[in-house]
Amino acid sequence: ASTTQSPIEALWISYNATTPSRLKLIDSFLVFILLSGAFQFLYCILVTNYPFNAFLAGFSSSVGQFVLTASLRSQVNPLNRSQFKDVSPERAFADFALGSIVLHFFVFNFLG
């Protein structure tokens, strides 16, 4: 009996077997941010965009946080250690935290 796997199922099995739990946690946060931004965008299109500055602040917060989190993931990934020799995981997280604080400071000020 020959069993065949779909490419998505093979990718999922490989991801679960080889990805460290720290990266899985970051990936789950990335999925949450992506869904949050998509929900905000759909709400703006389907329901209302009033007040527009609140939509812009929320959506730009999602995009900015996604970029910062993706950067953190690439810096703490053990496979990328050769590209980030001078950046320890603790330093990468400190940069992420400081960038997040600055991002949300600007988002809060944009709300008015």
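Cut-offs applied
- Residues numbered from 1 in each chain as written.
- Predicted model: local features only at pLDDT ≥ 70, side-chain atom pairs only at ≥ 80, totals over all residues.
- Heavy atoms only, no water.
- Helix = DSSP H or I, 4+ residues; strand = E, 2+ residues; numbered from the N terminus.
- pLDDT = per-residue confidence, 0-100.
- 1 Å grid on protein atoms, 1.4 Å probe; cavity = no way out; pocket = protein on both sides within 12 Å on 5 of 7 lines; lining within 4 Å.
- Points joined across faces, edges and corners; volume = space filled by probe spheres on them.
- Nonpolar A, V, L, I, M, F, W, Y, C, P; charged D, E, K, R; others polar.
- Phe/Tyr/Trp six-rings, centres within 6.5 Å; stacked < 30°, edge-to-face > 60°.
- Buried < 20%, exposed > 50% of the residue type's maximum accessible area, 1.4 Å probe, protein only.

K.L.:
Where do I start with unusual backbone geometry in this structure?
P.N.:
Excluding glycine, a negative phi dihedral is what most residues carry, and trans is how most peptide bonds are arranged. Omega for the peptide link from Tyr 50 to Pro 51 comes to -15 degrees, which places this bond in the cis form. Assignment of secondary structure puts Pro 51 in the loop between helix H2 (21-46) and helix H3 (52-76).

K.L.:
Please explain the confidence of the model for the chain as it appears in this structure.
P.N.:
Residues shown with low pLDDT carry predicted positions that ought not to be read at fine detail. Across the chain, the average pLDDT comes to 93, with 96% of residues at or above 70. By mean pLDDT, the top-scoring element of the chain is H2 (96), and the lowest-scoring one is helix H1 (residues 7-18) (93).

K.L.:
What am I meant to see in the layout of surface pockets here?
P.N.:
Any empty space left between atoms is shown by rolling a water-sized probe over those atoms. Of the pockets and cavities examined, the largest pocket occupies roughly 170 Å³. Taken together, Arg 22, Leu 25, Ile 26, Phe 29, Thr 69, Leu 72, Val 76, Pro 89, Phe 93 and Phe 96 make up the lining of the largest pocket. Put simply, the parts of the chain that give the lining of the largest pocket at least two residues each are H2, H3 and helix H4 (89-111). Considering each element in turn, the lining of the largest pocket owes the most residues, 4 residues, to H2. Considered class by class, the residues forming the lining of the largest pocket number 8 nonpolar, 1 polar and 1 charged.

K.L.:
Whenever I open this one, the packing of aromatic side chains confuses me. Can you help?
P.N.:
Evaluated as defined, the whole model comprises 8 aromatic pairs. With a centroid separation of 5.8 Å and an interplanar angle of 40 degrees, the aromatic rings of Phe 52 and Phe 55 are classed as tilted. One end of the pair, Phe 52, and the other, Phe 55, are both in helix H3, 3 residues apart, so they sit about a helical turn from each other. Since its relative accessible area comes to 42%, Phe 52 is described here as partly exposed. Taking 5.7 Å as the distance between ring centres and 70 degrees as the angle between the ring planes, the aromatic pair formed by Phe 105 and Phe 106 counts as edge-to-face. Taken together, the ring pairs connect Phe 41, Phe 52, Phe 55 and Phe 59 into an aromatic cluster.

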